[in-house]
Amino acid sequence: KGEIALYRGTDPADASTFEKVGVISIAPPIAGHRSLAKLGGDLLILCRLGLFKLSQILSSKAGITKELSLTDRINSAFTRAVTAYASNVHWQVLAYPQEQALIVNIPVTSSYSEQYVMNTLTGAWARFVGWFGQNFCLHNEKLYCAGSGRVDLMWDGTSDNGSAIRGRAQSAYNYFGQRGKRKQIKLISPNRQTTAN
């Protein structure tokens, strides 16, 4: 229901050496049983308010806030997805270290899903479409996706099951240091880096 119970001790079977020391309230988890994931030495919690690191929740004096959320940069899009699809099963959060990616699977329907993917080095988010997965997993350091009667190897090769991989980019919004002030842009220079044509 959105509570984190904190315990201290060495043996859960022995009440004299194991005790509950506190309860922290957070937002309820999203449908499905994959709302927790390991990222480095931290535990990620996917709930209706966003995606949070447990260490930040525990160290915050203000409790759980939107600003603590890893999804704060995409708060509007994430909130729309939760509002529309929170009751659908197959929500999942998964870290894919080989590509510095943190994947949040959003089940739009029983046969179609989208993913919000965060670059764990920069914190930048992207929306992936075309990966129709109900379950993601890592095996031998490779990412697999299962759904619609098939298992696919993801993030491998230069085609999408024989089709061209398409992409669309929109840069992050920038207030250039001061919100609410008018600015005049005189030069834009897009920089792109790829490993393929």
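For the structure, see preceding data.
Now for a description of the structure that goes with this document. Residue positions are given per chain, counting from 1 as you read along its sequence in written order. Two thresholds apply to this predicted model, a pLDDT of at least 70 for residue-level local features and 80 or more for giving and counting side-chain atom pairs, whereas whole-chain, interface and lining totals are computed over all residues. To get the side-chain values, all heavy atoms of the structure are used, and hydrogens and water are removed first.

**Focus on the overall build of the chain**
Helix numbering and strand numbering both begin at the N terminus, where a helix is a DSSP run of H or I of at least 4 residues and a strand a DSSP run of E of at least 2. A count of helical and extended segments in the chain gives two helices and 12 strands. Listed N to C, the secondary structure of the chain is β-β-β-β-β-α-α-β-β-β-β-β-β-β in terms of helices and strands. The principal-axis extent of the C-alpha atoms belonging to the chain is close to 65 × 50 × 30 Å. Accessible area is worked out with a 1.4 Å probe on protein chains only. A residue is then buried under 20% of its type maximum, exposed over 50%, and partly exposed in between. Burial status across the chain gives 28% buried among its 197 residues. Two residues form a contact once any of their heavy atoms are found within 4.5 Å. If you take every contact in the chain between residues at least 6 apart in sequence, the share linking residues at least 24 apart comes to 33%. By element, 50% of the accessible surface of the chain is carried by carbon and sulfur atoms, the whole surface being about 13800 Å². Charge counting follows a simple rule: Lys and Arg are positive, Asp and Glu are negative, and His as well as the terminal groups are ignored. Note on charges: their place is set at NZ of Lys, CZ of Arg, CG of Asp or CD of Glu. The centroid of the 22 positive side-chain charges in the chain is displaced by 15 Å from the centroid of its 13 negative side-chain charges. We get accessible surface area from the Shrake-Rupley algorithm with a probe of 1.4 Å; when it comes to residues, only the shown protein chains can shield them.

**Side note on a nonpolar patch on the surface**
Judged by side-chain polarity, F176, I185 and I188 come together as a nonpolar surface patch covering roughly 360 Å² of accessible area. Relative to the helices and strands, I185 is located in the segment after β12 (150-153). When its relative accessible area of 48% is taken as the criterion, I185 is described as partly exposed. Patch building starts from residues that exceed 30% relative accessible area and form no salt bridge, then joins like charges within 9 Å and nonpolar side chains (Val, Leu, Ile, Met, Phe, Trp, Tyr) within 5 Å. Think of a salt bridge as a Lys or Arg side-chain nitrogen and an Asp or Glu carboxyl oxygen that are within 4 Å of each other.

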